[in-house]
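Structural description and commentary
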Amino acid sequence: MAASFRELEARRVALAAGREAKAGLSPLADALFDNAEAHLAADAKLLEDVRRLLDG
């Protein structure tokens, strides 16, 4: 489980770097980054829920 959290954080860091590198490129790029961030947030919530259920 810890490896999953580390991988998720690595993806968040990479996504933030990509967003910064492509800042102002186009509204479409912004929308794609927003979508990717929403997916990562959903993945983080799922991992938290699974951890809570396994610990509980």
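To be clear, the structure that these remarks concern was listed above.
Here's what I pulled together on the structure shown here. (Residues numbered from 1 in each chain as written. Predicted model: local features only at pLDDT ≥ 70, side-chain atom pairs only at ≥ 80, totals over all residues. Heavy atoms only, no water.)

Turning our attention to the nonpolar core. By size, the foremost hydrophobic cluster in this structure holds six residues: Leu8, Leu15, Phe33, Leu40, Ala44 and Leu47. Breaking this core down by element, the ones donating at least two residues are helix H1 (2–21) and helix H2 (27–55). With four residues, H2 is the single largest residue contributor to this core. Excluding residues within four positions of it along the chain, Leu8 makes contact with Leu40, Asp43, Ala44 and Leu47. (Core = buried A, V, L, I, M, F, W, Y, C linked by side-chain atoms within 4.5 Å. Buried < 20%, exposed > 50% of the residue type's maximum accessible area, 1.4 Å probe, protein only. Helix = DSSP H or I, 4+ residues; strand = E, 2+ residues; numbered from the N terminus. Contact = heavy atoms within 4.5 Å.)

Taken together, the side chains of Met1, Leu46, Val50 and Leu54 define a hydrophobic patch exposed on the protein surface, amounting to about 380 Å² of accessible area. Classification of Val50 by relative accessible area gives partly exposed; the value is 30%. (Patch = residues over 30% accessible without salt bridge, like charges linked within 9 Å, V, L, I, M, F, W, Y side chains within 5 Å. Areas by Shrake-Rupley, 256 points an atom, 1.4 Å probe, with all protein chains shown as cover. Salt bridge = Lys/Arg side-chain N within 4 Å of Asp/Glu carboxyl O.)

This part covers H1. Under the 1.5 Å per step criterion, the end-to-end length of H1 is 29 Å for 20 residues, consistent within 8% with the ideal 28 Å. Taken as a whole, H1 has its buried residues at Leu8, Leu15 and Gly18. Along the long axis of H1, the arc covered by the buried residues comes to 85°, so they all point the same way. Exposed residues on H1 whose side chains face more than 90 degrees from its buried face are Arg6, Val13, Glu20 and Ala21. In the core, the buried residues of H1 are packed alongside H2. (Expected span 1.5 Å × (residues − 1). Arc of directions from axis to C-beta.)

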